[in-house]
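Listed below, chain by chain, are the residues.
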Amino acid sequence: MDKKHRKTIIAGNWKMNQLASGVPAFLDELVPALRCGAGEEVVLCVPFPLIPAMKAAAGGTVVRVGAQDVSAHDKGAYTGEVSAAMLQDLGTEYCIIGHSERRAYHAESDELVNAKLKALLGAGITPILCVGESLEQRDAGETLHVVSSQVKAAFEGIRPEQAKAVVIAYEPIWAIGTGRTATAEQAQEVCGFIREYLAEKIYDWETSKAVSILYGGSMNAKNAAELLGQLDIDGGLIGGASLKPADFAVIVKAGNEDA
Ligand code: PGA
């Protein structure tokens, strides 16, 4: 299975931005501008309270709805948490886990990310697992070690058939929200390494080639085509540029192999 057979996924990460009341107008602008390919999926990962509004406004369009986090627990006394079943009940199809902002500001460990990944798979929601190194780690030559240990821990106890349903987003922390994008070569090097690591160290090539691997970190309307053109980059996880309908539409078009 080569790149053509994997889904191209262009996922927006709205982070803590926008309001539910603004969702219809946003989609009214975005949807007519979208030129989405047959093998391409467009996802908007929004804050929890925006999910119903996004689901309603995206109905009948190509836009799929994602969340940005999930509880590792099924239910019970976990004040403030949102379960995978609750997300599924609202029609959420994707969910980001292990974003570097959650690892940094909420002290999320690899073990917790693994538990969240299992919770999502159990609910039939596609996890978008984020991994990536800090600038200090890159400068120290630790990038591949950091990324492989995050991947290894996240997939602990996951069977090959389940693993195929997971989407990985390689997001170097130094490129997130900084305007400093990884070069296409740097991004391809790590995305290619992740695919090889999945194939050689955890699963096999059949499994690994089915996994969509995205790049994230200051992807924008200008640099998307070059990044998305790389052999092992199957899409993007886009923060800032996903808040601008016109820019996000350009990125979707860059991922459209039929265009
Ligand atoms: P950015 O964010 O595109 O604004 O760099 C990406 C992300 O954090 O997912």
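Residues numbered from 1 in each chain as written. Predicted model: local features only at pLDDT ≥ 70, side-chain atom pairs only at ≥ 80, totals over all residues. Heavy atoms only, no water.

Chemist: Please clarify how the side chain of Ser100 should be interpreted in this entry.
Modeler: Positionally, Ser100 belongs in helix H4 (residues 100-105). According to the relative accessible area criterion, Ser100 is buried, its value standing at 14%. Setting aside residues up to four positions removed in sequence, Ser100 forms contacts with Ile173 and Ile176. (Helix = DSSP H or I, 4+ residues; strand = E, 2+ residues; numbered from the N terminus. Buried < 20%, exposed > 50% of the residue type's maximum accessible area, 1.4 Å probe, protein only. Contact = heavy atoms within 4.5 Å.)

Chemist: Sorry, what's going on with the sheet that holds strand S7 (residues 213-216) here?
Modeler: Neighbouring strands of a sheet are bound in pairs by backbone hydrogen bonds; such pairs are parallel or else antiparallel. Taken in spatial order, the eight strands line up as S1-S2-S3-S4-S5-S6-S7-S8 and close into a barrel, and their pairing is parallel. Adjacent strand axes in the sheet meet at a mean angle of 25° when their direction is disregarded. Two elements, strand S3 (residues 63-67) and strand S4 (residues 94-97), share two bridges in a ladder whose sense is parallel. Across the sheet, the residue bridging to Gly66 is Tyr94, located in S4. (Pairing = 2+ DSSP bridges. Axes fitted to C-alpha atoms, helices over the stretch in contact; angles between N-to-C directions.)

Chemist: Just checking my understanding: could you explain the layout of surface pockets for this structure?
Modeler: Taking a probe equal in size to a water molecule and rolling it over the atoms shows the remaining empty space. Each pocket or cavity is described by its volume, and for the largest pocket that value is around 490 Å³. Here the lining of the largest pocket takes three residues from H4, the largest share from any one element. Split by residue class, the lining of the largest pocket holds eight nonpolar, six polar and six charged. There is about 250 Å³ of room inside the second largest pocket. If you trace the second largest pocket, you find 20 residues lining it, with Gly177, Ser218, Met219, Gly239 and Gly240 closest to the centre. Partitioning the lining of the second largest pocket into residue classes produces five nonpolar, eleven polar and four charged. (1 Å grid on protein atoms, 1.4 Å probe; cavity = no way out; pocket = protein on both sides within 12 Å on 5 of 7 lines; lining within 4 Å. Points joined across faces, edges and corners; volume = space filled by probe spheres on them. Nonpolar A, V, L, I, M, F, W, Y, C, P; charged D, E, K, R; others polar.)

Chemist: Looking at this structure, how should I read the nonpolar core?
Modeler: Generally speaking, soluble globular proteins have nonpolar side chains that are buried together. Counting residues in each nonpolar core, the largest one holds 66 residues, and the members touching the most others are Leu30, Leu44, Leu129, Phe155, Ile168, Ile194 and Tyr215. With seven residues, the top contributor of residues to this core is helix H9 (residues 184-202). In this structure, Ala11, Tyr94, Ile96 and Ala169 belong to the second largest nonpolar core, which totals twelve residues. (Core = buried A, V, L, I, M, F, W, Y, C linked by side-chain atoms within 4.5 Å.)

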